[in-house]
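Survey of secondary and tertiary structure
Here is what each chain is made of, one letter per residue.
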Amino acid sequence: MVDEKAWAIIGKDVASAGAKLIAVSKTKPASDILMLHKLGQRAFGENYVQELVGKSVELPKDIEWHFIGHLQSNKVKYIAPFVEWIHGVDSFRLLLEINKEALKNNRVIHVLLQMHIAQEDTKFGLDEKELKELLSYYEAQMESLKNIRICGLMGMASNTDEMGVVRSEYQFLKDIFQHLKETTFLQSPYFTQLSMGMSGDYKTALEEGSTMIRVGSLIFGSR
Ligand SMILES: *Cc1c(COP(=O)(O)O)cnc(C)c1O
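Residues numbered from 1 in each chain as written. Predicted model: local features only at pLDDT ≥ 70, side-chain atom pairs only at ≥ 80, totals over all residues. Heavy atoms only, no water.

1. As for the overall build of the protein chain
Secondary structure summary: the protein chain contains nine helices and eight strands in total. Computed over its C-alpha atoms, the radius of gyration of the protein chain comes to 17 Å, within 12% of the 17 Å expected for a compact globule of 223 residues. Taken over the C-alpha atoms alone, the protein chain extends approximately 50 × 40 × 30 Å along its principal axes. Within the protein chain, the proportion of its 223 residues that are buried is 51%. (Helix = DSSP H or I, 4+ residues; strand = E, 2+ residues; numbered from the N terminus. Rg over C-alpha atoms; globule rule 2.2 N^0.38 Å. Buried < 20%, exposed > 50% of the residue type's maximum accessible area, 1.4 Å probe, protein only.)

2. Observations concerning the side chain of Gln114
Looking at the element boundaries, Gln114 is found in strand 5 (residues 109-116). A distance of 3.3 Å separates the side chain of Gln114 from the backbone oxygen of Phe124, its partner in a polar contact. (Polar contact = N/O pair within 3.5 Å; in protein donor to acceptor, adjacent residues only side chain to side chain.)

3. What about the packing of helix 5 (residues 92-104) against helix 6 (residues 128-141)?
Across the interface, helix 5 lies against helix 6 with an axial gap of 9 Å and an inter-helix angle of 35°. Across from Phe92, Leu95 and Leu96 in helix 5, the residues of helix 6 making contact are Leu134, Tyr137, Tyr138 and Gln141. Here the contact of helix 5 with helix 6 is composed, by residue class, of six nonpolar, one polar and no charged. (Axes fitted to C-alpha atoms, helices over the stretch in contact; angles between N-to-C directions. Contact = heavy atoms within 4.5 Å. Nonpolar A, V, L, I, M, F, W, Y, C, P; charged D, E, K, R; others polar.)

4. Thoughts on unusual backbone geometry
At Thr27, a position not held by glycine, the phi torsion is positive, near 70°. Positionally, Thr27 belongs in the loop between strand 1 (20-24) and helix 2 (30-39). Accessibility expressed as a relative area gives 46% for Thr27, which makes it partly exposed. Even without a glycine there, the phi angle at Asn106 is positive, about 55°. In this structure, Asn106 sits in the loop between helix 5 and strand 5.

Function cannot be read off these values alone, since they describe shape.
What follows is the structure in structure tokens.
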């Protein structure tokens, strides 16, 4: 069941923060997406490749699809024809693959580098050393990577009710983002996005400078 009221409230919060709401529709039926689409929502997030491909065929073409989960290199080809944003890039190999498939489709795909900021070590993402390494490869090959656009960072905070912990993790991510803006991406007008915040912590994330929140269960109900 879509909670239209919750969607409207989150939409207001997001608008007053100058951010954007990605409605995370994974595991939910296409009819739920259509309902929100009628209300004006255009950005939707999915994190299973097959499911995303199916929905993209079935649903209106003006939807802006965000792939937000962990993406395997061998599956990039399935979503490259239509996906606008890929949030979870955490290896140079994946970046190369996205560029290759985007080129085949004559498109530019927006990507965010995923940082590991949570305490749990089950979550994907780069640590600072891996980020540095990835960026050095990127800088060396930038000229040939014309079909990807690195637009910022993404992170998932620890799964905890302690908002102090979540807040400090988001601050950490923002510090890295600011640093990259002033160094590696100083010349890039595109490096502007900080994807952080989910149902349980989106307000904290907005306070800490999030530009894209990824909210599922508050809008679509629990999974
Ligand atoms: C599922 C998911 C979300 C949304 O989670 P909710 O708690 O339902 O809002 C956000 N980001 C990622 C990467 C997800 O996999």
